[in-house]
Amino acid sequence: MGSARRFYLWSVVLVGLLMGSLAGSVSHAGAQTTLIRGGSIFTMDPNQRWAQALVIRGNRIEMVGTEVEARKVAGPKAEVVDLQGGLCLPGFIDSHNHLAMGAITKRGVSVAGLKGKAAILAKIRSWVAQQPKEGLLLGYGWMPDSFESGSPRREWLDQITGDRPMLLLSADAHDMWFNTAAMKACDLTDQTPDPEPGKQYYRRDEKGWPTGHAIEGAASLPMLVRLGAFGPEAARESQKLTLARAPSQGITSYFEAGVLIGETSDSAAPVYEQLIEDDRSGKLPVRIVGTVWTRSPDDDPKKIAARLKEWNRKYASEHLKISVCKMWSDGTLMSRGALLLDPFCDEPHVRGKMTFPPEKIEAMVDAVQQAGFDMHIHTDADGSVRTVLDALERVRQRRGGGFRHTIAHNSLVHPEDVARFAALGVIANVTPLWGTDYNGSYRTIYTKLLGAARMEERLFPYGDLVRSGAVVTYGADIPGVDVDEIPPLIQIEAAVTRKRPGYPKDLPLVARQRVSVEEALRAYTVHGAYQLRMEKEVGSLEKGKKADLVVLGRNIFEESPETIHTIPVVLTMMDGRLTHDARP
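Residues numbered from 1 in each chain as written. Predicted model: local features only at pLDDT ≥ 70, side-chain atom pairs only at ≥ 80, totals over all residues. Heavy atoms only, no water.

J.: Explanation requested: the pairing of strand E16 (residues 287-294) in the structure shown.
T.: Successive side chains on a regular strand alternate, one facing one side of the sheet and the next facing the other. Summarising burial for E16: eight of the eight residues are buried, a large majority. Judged by which residues are buried, E16 turns out to be covered on both faces: Arg287, Val289, Thr291 and Trp293 on one side and Ile288, Gly290, Val292 and Thr294 on the other are all buried. Bridge count for strand E15 (residues 251-256) against E16 is three bridges, and the pairing is parallel. Across the sheet, the residue bridging to Phe255 is Val289, located in E16. (Buried < 20%, exposed > 50% of the residue type's maximum accessible area, 1.4 Å probe, protein only. Helix = DSSP H or I, 4+ residues; strand = E, 2+ residues; numbered from the N terminus. Pairing = 2+ DSSP bridges.)

Here it is, written out as structure tokens:
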């Protein structure tokens, strides 16, 4: 090679390196720099739990340490966020919720907290009288113990609604009450088969006609879709009550545990498409990990896994990805749609049922794991939990570990199974508010179903799970809670006190299951990040991680446990961008 040729090549290389260096300098210099100081910073980093200040450059944390060091790194032109004595934490990660559509289950008349047929019908009658004369009527909030008879009937509504269809979802949306007009509009008759007899079905009279009570989604969802209550437009509208509010609650990431607007997971496609469009236009306020879901044992595991693989490629943007399979292995303990190890106290010959048999659970886990993804499994009673743990253990023995499968809800867990979560590497996801006398009725309901001794040993064992060494994460899970109960600070207070926030005189529900403030925060930050495979980017405030954080107006560690829910969220930042700012 001639000298001229060598000189030319080296010149090209040097120019390229110089341009790259300049580009890097320009990019670095142009990035927004923010200094956060003036209060306490709890990092969730075990190597540096507390700090005085941190510096953000662009969308990443550049340093965490003393204020003197931070000012040197930030420089004189940095924007300063004064904590004013407040507390800075990693952004909250809600690890089980339905923010993309869950609020559509909270429309119309609320009968939450009402007891007895007369009181509930009076509330409905008053509300219907104020509504337009045409169109679908909606409501929500009743529970299994709301009625003296235990199960509502369509004729009760008919007296109020006439020939207008009406649908009322239960408090957790697992059951639905409907009138005769809705039944006729959906062509339900005495000849209509139950989707899954004894598991997802319609209660019937002696002649075989539906009485007006649908149990579980396979029975209620087709009616909701056919009558226009569920769909992409309704989901979009509902996000104003959930996604739009999430930053004001300190939420920076969440796990979408199933967009339920149709009879199959495919119905969620338009919702994810819109969320990706929001993200690309800079309007998505949180990070989202989404799902492909299954709630029927007839679903083909290989097809579900293939759809998850497809959607993982197809529906992806900077802050949204679909990487988990959600399965409803059972229904709810309260409706006896979950499996107990021992019979119900009020029905000594009944132990409940699961939606999926053990072999179907194992097949689904195996197919999804083979495709390289994690499972998130709705499981509500101790027999169901054991069945799912057994299935996960068999797949682990056959295929190996390395996966982060999650069992969600864990309302009842046998002590022998509590220890298996950590041993099998299974994550336990829970909703702290349910571990209280929720709606002023949980203590009565569970005492009737389980008895005091079983409650004390197994009910909502959130503290036992933490102390066993399991990774425990929190999620509010609308529709299992109401819209105003989504904020993490409400859930954290419930975890710490086992009382309903705002009811300091409540008797704690299984008091020994209380956890510390730090343990509750861990569930909403680093453990949530771990569940969603995001721990290298978020979940703690460390150098190099994304700038996802929340600023509280008061220090939660110095707060009375019964007033945690009143602490103001002053500021929220996701990816270095302010998503909520309530500073004066």
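J.: Would you mind showing me how to read helix H16 (residues 488-497) here?
T.: Each α-helix winds once per 3.6 residues, and so residues spaced three or four apart point in a common direction. Of all the ten residues making up H16, ten are buried; the element is thus mostly covered by neighbouring parts of the structure. Regarding H16, the residues found buried are Pro488, Leu489, Ile490, Gln491, Ile492, Glu493, Ala494, Ala495, Val496 and Thr497. Following H16 by one or two positions, Arg498 adopts a phi angle in the positive range, close to 60°.

J.: I tried to follow the pattern of salt bridges on my own but got confused; where do I start?
T.: Side-chain pairs of opposite charge can arise whenever the charged atoms involved come near each other. Applying the stated rule across the entire model yields 44 salt bridges. For the salt bridge of Glu535 with Arg404, the shortest nitrogen-to-oxygen distance reads 2.9 Å. Linking Glu535 in the loop between helix H18 (526-531) and strand E22 (549-552) with Arg404 in the loop between helix H11 (382-399) and strand E19 (406-409), this pair joins segments that are 131 residues apart in sequence. Overall, the relative accessible area of 25% leaves Glu535 in the partly exposed class. In this structure, the salt-bridge partner of Glu518 is Arg522, at a minimum N-O distance of 3.2 Å. Pair noted here: Glu518 and Arg522 are both in helix H17 (residues 517-523), with a separation of four residues, about one helical turn. Given a relative accessible area of 27%, Arg522 falls into the partly exposed group. (Salt bridge = Lys/Arg side-chain N within 4 Å of Asp/Glu carboxyl O.)

J.: Would you mind going over the side chain of His405 with me for this structure?
T.: Mapped onto the fold, His405 is located in the loop between H11 and E19. At 2.9 Å, the side chain of His405 forms a polar contact with the backbone nitrogen of Met375. (Polar contact = N/O pair within 3.5 Å; in protein donor to acceptor, adjacent residues only side chain to side chain.)

J.: Is there a simple way to explain unusual backbone geometry in this structure?
T.: Excluding glycine, residues mostly carry a negative phi; peptide bonds, for their part, are mostly trans. Here the residue pair Ile478 and Pro479 is connected by a cis peptide bond, since its omega of 20° sits within 30 degrees of zero. Tracing the backbone shows Pro479 in the loop between strand E21 (472-474) and H16. Despite not being glycine, Gln84 shows a phi value in the positive range, around 50°. In this structure, Gln84 sits in the loop between strand E6 (79-82) and strand E7 (87-90). With relative accessibility at 62%, the residue Gln84 sits in the exposed group. Phi is positive for Ala173, which is not a glycine, with a value near 65°. Looking at the secondary structure, you find Ala173 in the loop between strand E11 (166-170) and strand E12 (175-178). Relative accessible area serves as the criterion here: at 18%, Ala173 is assigned to the buried category.

J.: Would you take a moment to explain the packing of aromatic side chains for this structure?
T.: Two measures describe an aromatic ring pair: the distance that separates the ring centres and the angle between the ring planes. For the structure on display, the rule yields 18 aromatic pairs. With centroids separated by 5.4 Å and ring planes inclined at 65°, the aromatic side chains of Trp50 and Phe557 adopt a geometry described as edge-to-face. Placement of Trp50 in strand E3 (residues 50-51) and of Phe557 in the loop between E22 and strand E23 (569-574) is noted, with a sequence separation of 507 residues between them. Clustering of aromatic rings is evident, with ring pairs tying together Tyr438, Tyr442, Tyr446, Phe460 and Tyr462. Of note, Arg295 hangs over the ring of Trp328, and the distance from its end group to the ring centre comes to 4.5 Å. (Phe/Tyr/Trp six-rings, centres within 6.5 Å; stacked < 30°, edge-to-face > 60°. Lys NZ or Arg CZ within 6 Å of the ring centre and 35° of its normal.)

J.: Explanation requested: the confidence of the model for the chain in the structure shown.
T.: Detailed reading of the predicted model is not advised wherever pLDDT is low. On average, residues of the chain carry a pLDDT of 93, and 95% of them reach 70 or more. Contacts for the low-pLDDT stretch residues 1-29, under 50 throughout, to residues beyond four places or in other chains number four contacts. (pLDDT = per-residue confidence, 0-100. Contact = heavy atoms within 4.5 Å.)

J.: Which parts of the structure should I look at to understand helix H12 (residues 415-424)?
T.: Those residues of H12 not exposed but buried are Asp417, Val418, Arg420, Phe421 and Leu424. For H12, the buried positions fall inside an angular range of 160° around the axis, keeping them on one side. Those residues of H12 that are exposed and aimed more than 90 degrees away from the buried face are Glu416 and Ala423. Those residues of H12 that are buried are in contact with H11, E19, strand E20 (427-430) and helix H15 (462-467). Positioned one or two residues after H12, Gly425 has a phi angle of 70°, which is positive. (Arc of directions from axis to C-beta.)

J.: Even after reading the chapter, I still don't get the layout of surface pockets, so can you show me in this structure?
T.: Leftover empty space is mapped by rolling, across the atoms, a probe with the size of a water molecule. When its volume is computed, the largest pocket comes out at roughly 550 Å³. Lining the largest pocket are 27 residues, and of these Pro144, Gly150, Arg203, Met334 and Arg336 sit closest to its centre. Going through the elements one at a time, strand E13 (201-204), strand E14 (210-215) and helix H13 (442-450) are the ones with two or more residues in the lining of the largest pocket. Per-element tally for the lining of the largest pocket: the top contributor is H13, with four residues. Taken together, the residues of the lining of the largest pocket sort by class into nine nonpolar, nine polar and nine charged. (1 Å grid on protein atoms, 1.4 Å probe; cavity = no way out; pocket = protein on both sides within 12 Å on 5 of 7 lines; lining within 4 Å. Points joined across faces, edges and corners; volume = space filled by probe spheres on them. Nonpolar A, V, L, I, M, F, W, Y, C, P; charged D, E, K, R; others polar.)

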